[in-house]
Amino acid sequence: MPVTVDEIRELSQEELIELVAEIWEVRPGWRTTRVSPGDEIKLELDNDIIDIAVPEIGHPSTDSELTIDILAIQESPYPELEYICVHQGSEGDATTREFYGELRGATSGYKVSKVVVVTSDSGIEETVDERLHSGYQLVDGVKICELINSYSDHGLDPDKYIQ
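Residue numbers run consecutively from 1 along every chain, following the written order of its sequence. At least 70 in pLDDT is required for a residue's local features to be given in this predicted model, at least 80 for side-chain atom pairs to be given and counted, and no such filter applies to totals for whole chains, interfaces and linings, which use all residues. The basis for the side-chain values is all heavy atoms of the structure; hydrogens and waters are excluded.

### As for the overall build of the protein
Stage number 1. Secondary structure follows DSSP: runs of H or I at least 4 residues long count as helices, runs of E at least 2 residues long count as strands, and numbering of each begins at the N terminus. Per the secondary structure count, the protein includes 5 helices and 7 strands.
Stage number 2. Helices (α) and strands (β) of the protein occur, in sequence order from the N terminus, as α-α-β-β-β-β-β-α-β-α-β-α.
Stage number 3. Exposure classes here rest on a 1.4 Å probe applied to the protein chains alone. A residue is buried below 20% of its type maximum, exposed above 50%, and partly exposed in between. For the protein, the residues scored as buried account for 46% of the 163 residues in total.
Stage number 4. We call two residues contacting when some pair of their heavy atoms lies within 4.5 Å. In the protein, the share of contacts with a sequence separation of at least 24, taken over all contacts with a separation of at least 6, comes to 62%.
Stage number 5. Each accessible area is a Shrake-Rupley estimate made with a 1.4 Å probe; only the visible protein chains count as cover when residues are assessed. When the accessible surface of the protein is totalled, it reaches about 8800 Å², and 47% of it is carbon and sulfur.

Given below as structure tokens:
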């Protein structure tokens, strides 16, 4: 039975992060690691050790919901790194432009090629050109469900998360 956006919204933030990490890991050639802002990671990739510094997004004086939660590592067919920010929204909770505005510099100066925002809400309406210029890609609640349903045939078990 297909997973619905309402079922995704019932997950806790931690459950959603675990589900997103598993979605990325069932993709051929990818693996993930949980990270927190400020982490410094020594990562082995193609028999090379690289240093990754996870940037802090947001301002310490504000209660920012935006954090980098996952480092996704593609090893095959070529090395690529992505930061994944996971945001648990609710019905009608379209994430604001300010939320995404914090991402502009997240990959600047780092060895990470892009930021992916995975949110259970609808996100904001932007053109692909605007998102490419802003330096992030958006996976909203509907797209999460599509990914879950399509990767269920590749070993993803949504029943671990969806009751």
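### Here's the deal with the sheet that holds strand S7 (residues 136–139)
Stage number 1. Strands are treated as partners if at least two bridges between them are detected by DSSP. Strands sit in the order S1-S4-S5-S6-S7 across an open sheet of 5 strands; the sheet is mixed. The open sheet has two free edges, formed respectively by strand S1 (30–34) and S7, since each of these has just one partner strand. Geometrically, the sheet is characterised by an average inter-axis angle of 25 degrees between neighbouring strands, direction not taken into account.
Stage number 2. Relative to strand S4 (residues 70–74), S1 runs antiparallel, the two being bridged by 5 bridges. Residue pairing in the sheet places Trp30 in a bridge with Gln74 of S4.
Stage number 3. Relative to the sheet, helix H2 (residues 13–26) contacts S1, S4, strand S5 (80–87), strand S6 (114–119) and S7, its axis offset from that of S5 by approximately 150 degrees.
Stage number 4. Fitted lines through C-alpha atoms give the axes, limited to the stretch in contact for helices. The angle between two N-to-C directions lies from 0 to 180 degrees. Across the sheet, helix H5 (residues 141–151) touches S6 and S7, and the angle it forms with S7 is around 75 degrees.

### A word on H5
Stage number 1. Among the residues of H5, those classed as buried are Gly141, Ile144, Cys145, Ile148 and Tyr151. Buried residues of H5 fall within an arc of 145 degrees about the axis and therefore sit on the same side.
Stage number 2. Buried residues along H5 sit in contact with helix H1 (5–9), H2, S6 and S7. Relevant arc is that of directions from the helix axis to the C-beta atoms, nothing else.

### Description of the confidence of the model for the protein
Stage number 1. On a scale of 0 to 100, pLDDT captures the predictor's confidence in every residue. Chain-level statistics for the protein give a pLDDT mean of 82 and a share of 77% at 70 or above.
Stage number 2. Counted against residues more than four places away or in other chains, residues 59–63, with its pLDDT under 50, gives 1 contact.

### A word on the nonpolar core
Stage number 1. Grouped together as the largest cluster of nonpolar side chains are 27 residues, with contacts concentrated most on Ile8, Trp24 and Ile84.
Stage number 2. Looking at this core, the elements that each hand over two or more residues are H1, H2, S4, S5, S6 and H5.
Stage number 3. The element contributing the most residues to this core is H2, with 8 residues.
Stage number 4. When residues no more than four places from it in sequence are discounted, the contact partners of Ile84 are Val20, Trp24, Thr67, Ile68, Asp69, Ile70, Ala72, Val116 and Val118.
Stage number 5. The criterion is simple. A nonpolar core is a set of buried Ala, Val, Leu, Ile, Met, Phe, Trp, Tyr and Cys residues joined through side-chain atoms within 4.5 Å. Counting 20 residues, the second largest nonpolar core, distinct from the first, contains Leu45, Ile73, Leu81 and Val112.

### Some thoughts on the packing of H2 against H5
Stage number 1. Across the interface, H2 lies against H5 with an axial gap of 11 Å and an inter-helix angle of 50 degrees. Classified by the angle their axes make, H2 and H5 are oblique. Both H2 and H5 take part in a crossing whose hand is left-handed. Listed contacts from H5 to Leu19, Ile23 and Val26 of H2 are Ile144, Leu147, Ile148 and Tyr151.
Stage number 2. Classification used: nonpolar for Ala, Val, Leu, Ile, Met, Phe, Trp, Tyr, Cys and Pro, charged for Asp, Glu, Lys and Arg, polar for all others including Gly. Partitioned by chemical class, the residues of the contact of H2 with H5 number 7 nonpolar, no polar and no charged. Relative orientations are named as follows: roughly parallel for angles under 35 degrees, roughly antiparallel for angles over 145 degrees, roughly perpendicular for angles from 65 to 115 degrees, and oblique for any other angle. Less than a right angle of anticlockwise turn of the near helix away from the far helix marks a crossing as left-handed, whereas a clockwise turn marks it as right-handed.

### Re the pattern of salt bridges
Stage number 1. A pair is scored as a salt bridge if a Lys or Arg side-chain nitrogen falls within 4 Å of a carboxyl oxygen belonging to Asp or Glu. The tally for this structure, following the rule as stated, stands at 6 salt bridges.
Stage number 2. As a salt-bridge pair, Lys160 and Glu22 come within 3.0 Å of each other at their nearest N and O atoms. Highlighted residues: Lys160 in the segment after H5 and Glu22 in helix H2, separated in sequence by 138 residues.
Stage number 3. Overall, the relative accessible area of 14% leaves Glu22 in the buried class.
Stage number 4. For Lys42, the salt bridge identified is with Asp51, shortest N-O distance 2.8 Å.

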